[in-house]
Amino acid sequence: MTSLAIFGADLPYWAQSLLRVLGGAVAVLLPAGTIVYLFLFKMMSFMQSRLGPMEAGPYGSMQLFAEVGKWLQKEDISPTRADKRVFRAAPLVVLMSTFLLVAVVPFGPDAYFTDFDAGVFYMLAVSSISTLGILMAGWSSANKYSLLGGLRAAGQLIAYELPMVLSVIGVVIQAGTMNLQQIVVKQNSDEIFGWNGIGFPYILTQGIGFLIFMIAVQAELTQTPFDMPIAESELVSGYMTEYSGFRFLIFFIAEFATAGVFALIASILFLGGWGVPFSWFGWAPAGSHEIDNWMNVGGPLIMLTKMMVLTGIIMWVRFSYPRFREDQLQRFAWKVLIPVSLVNIMITAVLKVAF
Amino acid sequence: MQKPRIPGLLKGLGVTFGTMAQTLKPKKLGGGAATVQYPREKETPTVRARGVIALREDNCTSCMLCARSCPDWCIYIEGHKELAPPRRAGGAPRKVNKLDRFDIDYALCMYCGICVDVCPFDALFWSPEYEYSEPKIADLLHDKTKLGEWMETVPEAPELEAGAEKKKGK
Amino acid sequence: MTDLVDRQKLSYIAAQAADARLNVELETEGMTLNIGPQHPATHGTLRIIVRLDGEQVIWAEPGAGYMHRGYEKLTEVRTFPQVTALVNRIDWLGSFANEVPFILAAEKLMEVEAPPRAQWIRTILFELSRIANVSLFLGDLGVQLGAITPVFMAFRDREYVLNLIESATGGRFHPNFDRIGGLKEDLPAGWITETKQVMKKLRNFCDEIENLLFGNEIFQSRLRGIGVIPAEVAKQYGLSGANLRASGVDWDLRRDQKIALAYDKVDFKVWTHPDGDSFARCWIRLQETREATKIVDQLLDGIPSGSVMAKVPRIIKVPEGEAWVSTENPLGEMGYYVVSKGDLGPFRVKIRSASFNNISIVPWVLRGVYVPDVISILASLYFILGDIDR
Ligand code: SF4
Ligand code: SF4
């Protein structure tokens, strides 16, 4: 079964590619926009007893377009002593990593971009490309604050990549596959000691893994309390200090789009992804063939809901906490998260063998 | 690194969530945001608020006291003497001071209230009006007609708190 | 306590190591970073020049004066009532508190004393301006450490206090309400009940901040043991206010000094903290805000009746002489040394503002710390730019 089968598998190749690109853009930009409006504009304001934007559109819902318009009008400045080519490319590298990430996310039984067996592996690999972009931005800006921010970002992202990988391994062991689609199907078709009322979302057994994954995601996204690289009270804006206009906009979109994509991935790995427990509808427990076609529309909606809940938590934490110091943050990763996730892997492996 | 105790972190989340619930609660139930949507809703400034200075031209004798005691000298007064008809029939004509110019430059004024305080003839008053910003800084120079118009917005002085000495009638 | 001594030792060792590193032969070139004069962390135009080795500070120096307005000189060409309007602007967050010591000094020279009611109202407004000032510090502290929400709560609840100050004095920021010999007017009706409600809200705000920030483990780990100032050093640098009390020195001019304010009529606790680190400084301020609301409550209950203005001539001429009065302002000890030659205005005024002395310790305390701690230490020392540069 090819991807996007709902649109008919017999489309010519170019049309399929176009559809995929469009689908990718929607999958990146739609969550990003929703997150920014719902959480950054509205939830943050409510938490600070304000109303947030109210003028553009009903309840300020068009505010985002106004902001984008504003940024596009701005001059694209690059500092005289900056390494121009690298400076200009950096935001694109960051955004690219987001697009590459979304490529493996399955949204429904047939609604996916690519379906390959090393999905988890690929996802973890491309998610660190953004580190490169951030380092490039920090280094090429010819600004001391940017440099400090870039270096901090590199150190932090590398440190938190590890717990993230390790926490995912637990899921991979339990599912016995690295294919994200398979992981989703497994979670919804498995049963807990013969009871199949809610499938078997891995958060039940991998609770620690989920927690570590979310913490690592928080750090990967450089959201408070891990926002040392952009620490606006120390480093002005870290690696983004010298950016303006649409390059800043790209950084901005990438930040929230990545938040969305990571939330999607977390929901796939731990919360059962697009699926509903298959037993509700009497679908066959294995393989995606017997699943009703409406899941291709319902699946993305379910995913979106789960994503919103998870990003909501990410943002909630962001608005409530102060930030760590650089060394505390490293210590937390190496001394707490990594050992705990290693223990988690061990226990999972033992239990897997035992059952 | 301290051992992570959960309560502190969770309490913080609780506070922000509480504030959100409070903001989302309908106005009728005592909720709502702490902010107001300015051009649509307005807060009324207190009676004593120092918004803008109003001038009662008839009372002013152009004695220049206010202009002299203003800390940044932003009051400009010019006047001349005029003969007014006598109060009683048959009396000598009185000399009165006529204001030619009475300008306050609000670009300079620092709203200290000294001018209103020192005026011995009750010609200056504070009004809590505050919406008089201008696109051009020169337009912030209010002349005596404009200052006179503010007189309508001057409120009554508020009642005093219990235990205060009653003001002697001025 | 032993814990503390260890931490102090550690920070001394770090400082020593930083010194030593300057002298080794294979010295890597330090990076000079200008924090400010335009920087989001310095609320105003303070410039801190730091030399960095990696992220460690090896040398730091505050560069003040970007906002010098020459108040001491300005006062020489102003009359006494005009000076009151000017000195309002020194510490702009607690402006009423700036007027009081100056007026007290002038009253001392003229040998008048404000009537009791005026003294009580002065004390109430003094404490209200302390609350307005320090509550903003509590919010701003969060911003410096990356938490964005507390500052909005601070602005929200500080607004109530500013409204109170405005409804009594007419000015939100710059009351200019003190006169030599008393106050401009009496309080408007209903002010006392309103104030009591606001004080309740403020105590609630303190609880919120305590839950949101001070109880937060991340916050504590950021501030505890950082920027330790031992009591001896604090005294040598002339720190005052909460910064000094956080080092364990029990020193509060409100209690220790007999001046014409109503502090001796209320009972309040002077908070001290033995640690002397950044957390202690912030914590002391939180407690002081609470204490201030209690002081206001007590004062409101016992306000005497009577006039608010003593008999003074309409044109104020201060007799020849010199006087020094200092009070415990929100930021620390603030005092005026007024020299009068019997004119309409003072002959010379020396202003001792708290922040100027408080930041003089910056080179000492910043040595050996990391860049993120520079920010948190500066935030916990708490200065107002106008109070540094005058
Ligand atoms: S309020 Fe003060 S500054 Fe403004 S005009 Fe009056 S005396 Fe001058
Ligand atoms: S002090 Fe009063 S009477 Fe004298 S010039 Fe000023 S406004 Fe007129």
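Residues numbered from 1 in each chain as written. Chains lettered and ligands numbered in written order. Predicted model: local features only at pLDDT ≥ 70, side-chain atom pairs only at ≥ 80, totals over all residues. Heavy atoms only, no water.

### Looking at the overall build of chain B
For chain B, the count of helices and strands is four helices and five strands. Element order for chain B, N to C, with α for helix and β for strand: α-β-α-β-β-α-β-β-α. For chain B, the C-alpha atoms occupy an extent of roughly 95 × 45 × 35 Å along the three principal directions. Burial status across chain B gives 35% buried among its 170 residues. Within chain B, counting contacts between residues at least 6 apart in sequence, those at least 24 apart form 70% of the total. In the form shown here, chain B has an accessible surface area of approximately 10800 Å², with 56% of it arising from carbon and sulfur atoms. Looking at chain B, you have 26 positive and 23 negative side-chain charges, and the mean spots of the two groups are 7 Å apart. (Helix = DSSP H or I, 4+ residues; strand = E, 2+ residues; numbered from the N terminus. Buried < 20%, exposed > 50% of the residue type's maximum accessible area, 1.4 Å probe, protein only. Contact = heavy atoms within 4.5 Å. Areas by Shrake-Rupley, 256 points an atom, 1.4 Å probe, with all protein chains shown as cover. Lys, Arg positive; Asp, Glu negative; His and termini not counted. Charge placed at Lys NZ, Arg CZ, Asp CG, Glu CD.)

### Digging into the interface of chain B and chain A
It is common to give the size of an interface as the accessible area lost on bringing the parts into contact. Across the contact, 16 residues belong to chain B and 17 residues belong to chain A. Both sides of the chain B and chain A interface together cover about 1500 Å² of buried area, and 69% of this is carbon and sulfur. At the surface where chain B touches chain A, the tally comes to zero salt bridges. For the interface between chain B and chain A, the tally reads zero residue pairs in polar contact (both at pLDDT 80 or more). Split by residue class, the side of chain B that touches chain A holds nine nonpolar, six polar and one charged. (Buried area = accessible area lost by both parts, 1.4 Å probe. Salt bridge = Lys/Arg side-chain N within 4 Å of Asp/Glu carboxyl O. Polar contact = N/O pair within 3.5 Å; in protein donor to acceptor, adjacent residues only side chain to side chain. Nonpolar A, V, L, I, M, F, W, Y, C, P; charged D, E, K, R; others polar.)

### As for the site of ligand 1
Residues in contact with ligand 1 amount to 13 residues; listed here are only the nearest, B:Cys70, B:Cys109, B:Cys112, B:Gly113 and B:Cys115. Residues of the shell around ligand 1, tallied by class, amount to 11 nonpolar, one polar and one charged. (Near = heavy atom within 4 Å.)

### Structural notes on the interface of chain C and chain B
Facing 44 residues of chain C, the contacting portion of chain B comprises 35 residues. A per-residue breakdown of the area chain C buries against chain B is headed by C:Gln82, C:Asn211 and C:Glu217, which together make up 18% of the total. The tally of links between chain C and chain B comes to two salt bridges. Put simply, B:Arg48 and C:Glu185 hold a salt bridge, and the shortest N to O gap is 3.7 Å.

### Looking at the sheet that holds strand β2 (residues 75-84) of chain B
All names here are of chain B. In space, the three strands of this open sheet follow the order β2-β3-β5, with antiparallel pairing throughout. The sheet terminates laterally at β2 and β5 (141-142), the two strands that pair on one side only. For strand β3 (residues 94-105) and β5, the ladder comprises two bridges, and the chain directions are antiparallel. Pairing of Ile104 across the sheet is with His142, part of β5. (Pairing = 2+ DSSP bridges.)

### A look at the pattern of salt bridges
All names here are of chain C. One pass over the structure, following the stated rule, counts 34 salt bridges over all chains. Salt-bridge contacts for Glu166 lead to Arg172; the nearest nitrogen and oxygen are separated by 2.9 Å. Residue class for Glu166 comes out buried when judged on its relative accessible area of 9%. What you see here is one network of salt bridges that share partners, running through Glu127, Arg130, Arg245, Asp252, Arg254, Glu288 and Glu328.

### Topic: the packing of aromatic side chains
Applying the stated criterion across every chain, the model contains 25 aromatic pairs over all chains. The interplanar angle of 25° and the centroid separation of 5.8 Å between the aromatic rings of A:Phe324 and A:Phe332 together place this pair among those described as stacked. A:Phe324 sits in the buried class, given a relative accessible area of 6%. Residue A:Phe332 is classed as buried on the basis of its relative accessible area of 11%. Consider the rings of C:Phe137 and C:Tyr382, whose centres lie 4.6 Å apart with planes at 45°: the pair is tilted. One end of the pair, C:Phe137, is in helix α5 (residues 116-144); the other, C:Tyr382, is in the loop between α15 (371-381) and α16 (385-389), and 245 residues separate them in sequence. Like C:Phe137, the residue C:Tyr382 is buried in the burial classification. (Phe/Tyr/Trp six-rings, centres within 6.5 Å; stacked < 30°, edge-to-face > 60°.)

### Quick notes on the site of ligand 2
The immediate surroundings of ligand 2 are formed by 14 residues, with B:Cys60, B:Cys63, B:Met64, B:Cys66 and B:Cys119 found nearest. Counted by class, the shell around ligand 2 contains 12 nonpolar, two polar and no charged residues.

### Details of the packing of helix α9 (residues 245-270) of chain A against helix α10 (residues 295-320) of chain A
Residue and element names in this part refer to chain A. Between α9 and α10, the shortest axis-to-axis distance is 8 Å and the interhelical angle comes to 120°. The orientation of α9 with respect to α10, classified from their angle, is oblique. Of the two elements, α9 crosses α10, and the hand of that crossing is right-handed. Here Glu255, Phe256, Ala259, Gly260, Ala263, Leu264, Ala266, Ser267 and Ile268 of α9 come into contact with α10, specifically with Met303, Lys306, Met307, Leu310, Thr311, Met315 and Arg318. Taken together, the residues that form the contact of α9 with α10 break down as 10 nonpolar, three polar and three charged. (Axes fitted to C-alpha atoms, helices over the stretch in contact; angles between N-to-C directions. Parallel < 35°, antiparallel > 145°, perpendicular 65-115°, else oblique. Left-handed = near helix turned anticlockwise from the far one by under 90°.)

### Some details on the nonpolar core
Ranked by size, the top nonpolar core spans 100 residues in total, and within it C:Leu128, C:Trp191, C:Phe214 and C:Tyr336 carry the most contacts. Ranked by the residues each element gives to this core, the list is headed by α5(C), at 14 residues. For C:Phe214, the contacting residues outside a window of four places in its chain are C:Leu138, C:Leu141, C:Ile209, C:Phe219, C:Gln220, C:Phe279, C:Cys282, C:Trp283 and C:Leu286. If you look at the next biggest cluster of nonpolar residues, it comprises 99 residues, including A:Leu40, A:Met164, A:Ala254 and A:Ala266. (Core = buried A, V, L, I, M, F, W, Y, C linked by side-chain atoms within 4.5 Å.)

### Observations concerning the sheet that holds strand β6 (residues 321-329) of chain C
Residues and elements named next belong to chain C. Pairing is antiparallel in the open sheet, where three strands are placed in the order β6-β7-β8. At either margin of the open sheet sits one strand with a lone partner, and together these are β6 and β8 (348-352). Strand-to-strand twist across the sheet, computed as the mean angle between neighbouring axes with direction ignored, equals 10°. Of the strand pairs in this sheet, β6 and strand β7 (residues 332-340) are connected by nine bridges, and their pairing is antiparallel. Looking across to β7, one finds that Ala323 is bridged to Val338. This element, helix α4 (residues 95-110), spans β6, β7 and β8 of the sheet and lies at about 150° to β6.

### Quick notes on the environment of C:Arg156
Locating C:Arg156 in the fold gives a position in helix α6 (residues 149-169). Measuring from C-alpha to C-alpha, the distance between C:Arg156 and C:Asp373 comes to 28 Å, with 217 residues separating the pair along the chain. Setting aside residues up to four positions removed in sequence, C:Arg156 forms contacts with A:Ser49, B:Thr19, B:Ala34 and C:Glu208. Only 3.2 Å separates the side chain of C:Arg156 from the side chain of A:Ser49, close enough to count as a polar contact.

### Regarding unusual backbone geometry
Within the chain, B:Tyr111 stands out as a residue other than glycine whose phi angle is a positive 55°. Mapped onto the elements, B:Tyr111 comes out in the loop between β3 and α3 (114-118).

### Some words on the confidence of the model for chain C
Per-chain confidence: chain C averages 81 in pLDDT, with 90% of residues scoring 70 or above. The ipTM, which scores confidence in the relative placement of chains, is 0.77 for this predicted complex, and the corresponding pTM is 0.81. (pLDDT = per-residue confidence, 0-100.)

### Section: the domain arrangement of chain B
Its domain assignment divides chain B into domain 1 (8-42) and domain 2 (52-153). Domain 1 of chain B and domain 2 of chain B are separated by 45 Å when their C-alpha centres are compared. (Domains from an automatic or database assignment.)

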